[in-house]
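Structural characterization, general
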Amino acid sequence: MMKAYYESFGCQMNAFDTEVIESMMTASGFETVQSAEMADVIIVNTCSVRENAEQRAIGRLNDLSRNKAVLVVCGCMAQRMGDSLFDKVSGLSLIVGPDNYLELVSAVISIIEGGEKNVITGQDGKAAYRLGSTGSEKGGRVSRFLSITRGCENFCSYCIVPYLRGAVRSRDIAQILREVKILTAAGTEEITLLGQNVMAYNRDGVDFAGLIRHILENSDIRRLRFLTTHPRDVNTQIFQIMKEDPRLCPHIHLPFQAGSNRILSMMGRGYTREHYLDIISEAREIMPDLAISTDIIVGFPSETDSDFEETLDIIRKCRFDSAFTFKYSPREGTEAYKMDDDVSSELKKERLKRLNSLVQKIRKDILESRIGLIDEILLDARVKKGENLFWKGRTPHFRNVLVSSDDLNQGEILRVSLSGIRNFTYLGEVV
Ligand code: SAH
Ligand code: SF4
Ligand code: F3S
């Protein structure tokens, strides 16, 4: 039996795609192995969102190319760089873009059988996924991703994603529900619906809120989450559903990127800071303890100290649970690439540091404010911290909790009292 090894860089969409690829490979007789040395085929799913993501992936590919296996690169960097990757990575055999995964397995097989190296990066903008089997063979995993849309057509001026992932395509509702049922039957308790912008979901007259209602009404899934959303498309119905049905977890990832209206407009985000703040207050009116996380870019072209202060101001006002923060990285082919990348890397670094310390301070305050309360966690993993073994679980708000009891089971949902915090993780006691 041929053996295959997989690595995934980048966002959850890539993590999910890697699972889809793995399931198609498994269906064609490839056995998954956990180390590259044992593999006949190595598949690396890559990201292009920032330059350092690409440098890391190329470094890793060159490490992996020391193995004797057939080396395959897929994902966003495969799409962006195409056959120029052959010059950057020695021993590379196959390059496959994100719209071509249905052809990946047969292309791998033809290389194993002695075929020429190959590049498959055509984009027809329609490629759908055949997902039928992603769940079944990985039974037992309690928390899984499920993609509901592909692509993005927002064209934020700094972002390469729309050029690599194509236009928004929403998956058929019956197919999504079938997947949900396969996953729940295989032991999944929590599903995170994925897309670059899930609230853009629209198919056969069903919008995102409609899809959520449909899944909640017609399946036994115990927890439902979604990632990522764009302020332009937020529909507050979703918070109403959270309020009515606790299975829809009280957490939203809503990137704001920058706090100054001038920068937001240069980014082409399509909203103002006032609009963003309005969404947050409306959401919290409906769901007072909603957890919100976000993405932020510092050092966008022409960003001044006072623009940056407005970013910090949004953080103080919104009190995010967590934030992914990035230094602006110019991407060739985007609108912002034509602008002067005039914030020095020193200044970007300094702003990032100030931003992160504010984000962490607020995060700590939020966590501390709940010490002593009872919360409900879904046990998803066994983890080792120092000498000790713990069970790790997540609260509905997506906060981590460690419990030290032994006689528990993965997938269990249980009530714990939050007794302390260590490194932004709660310590909990079963009640
Ligand atoms: N579709 C998602 C994000 C995908 S990329 C959304 O819009 O929310 C994830 C994050 O990477 C973005 O939210 C943004 O904060 C960051 N990012 C994207 N392009 C970037 C660039 N050129 N430089 C720095 N950060 C970038
Ligand atoms: Fe990129 Fe903007 Fe689309 Fe997000 S919404 S993937 S930041 S273009
Ligand atoms: Fe990266 Fe592509 Fe995701 S560029 S962030 S892997 S959509």
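Residues numbered from 1 in each chain as written. Chains lettered and ligands numbered in written order. Predicted model: local features only at pLDDT ≥ 70, side-chain atom pairs only at ≥ 80, totals over all residues. Heavy atoms only, no water.

A look at the site of ligand 2
Ligand 2 sits among Cys152, Asn154, Phe155, Cys156, Tyr158, Cys159, Val161, Pro162, Gln196, His230 and Arg269. When its residues are assigned to classes, the shell around ligand 2 shows 7 nonpolar, 3 polar and 1 charged. (Near = heavy atom within 4 Å. Nonpolar A, V, L, I, M, F, W, Y, C, P; charged D, E, K, R; others polar.)

Some words on the pairing of strand S19 (residues 400-403)
Pairing of strand S18 (residues 388-394) with S19, which is carried by 4 bridges, proceeds in the antiparallel orientation. Looking at S19, one finds that Trp391 is bridged to Val403. Here S18 hands over to S19 after 5 residues, with Phe398 in that stretch at a positive phi of 75°. Pairing geometry for S19 and strand S21 (residues 425-430), over 3 bridges, is parallel. Paired with Val403 across the strands is Gly428, a residue of S21. (Pairing = 2+ DSSP bridges. Helix = DSSP H or I, 4+ residues; strand = E, 2+ residues; numbered from the N terminus.)

Description of the site of ligand 3
In the neighbourhood of ligand 3, the contacting residues comprise Cys11, Asn14, Cys47, Ser48, Val49, Cys76, Val161, Arg165 and Gln196. Tallied by class, residues from the shell around ligand 3 come to 5 nonpolar, 3 polar and 1 charged. Taken domain by domain, the makeup of the shell around ligand 3 includes at least three residues from each of domain 1 (3-120) and domain 2 (136-368). (Domains from an automatic or database assignment.)

Some thoughts on the nonpolar core
Considering soluble globular proteins, one finds that nonpolar side chains tend to be buried as a cluster. Counting 92 residues, the largest nonpolar core has Met25, Phe226, Ile238, Phe239 and Tyr276 as the members making the most contacts within it. Here Met25 is in contact with Ala4, Tyr6, Phe30, Val41, Ile43, Leu104, Val105 and Val108, once residues within four sequence places are set aside. Grouped together as the second largest cluster of nonpolar side chains are 22 residues, Phe9, Val33, Met77 and Val89 included. (Core = buried A, V, L, I, M, F, W, Y, C linked by side-chain atoms within 4.5 Å. Buried < 20%, exposed > 50% of the residue type's maximum accessible area, 1.4 Å probe, protein only. Contact = heavy atoms within 4.5 Å.)

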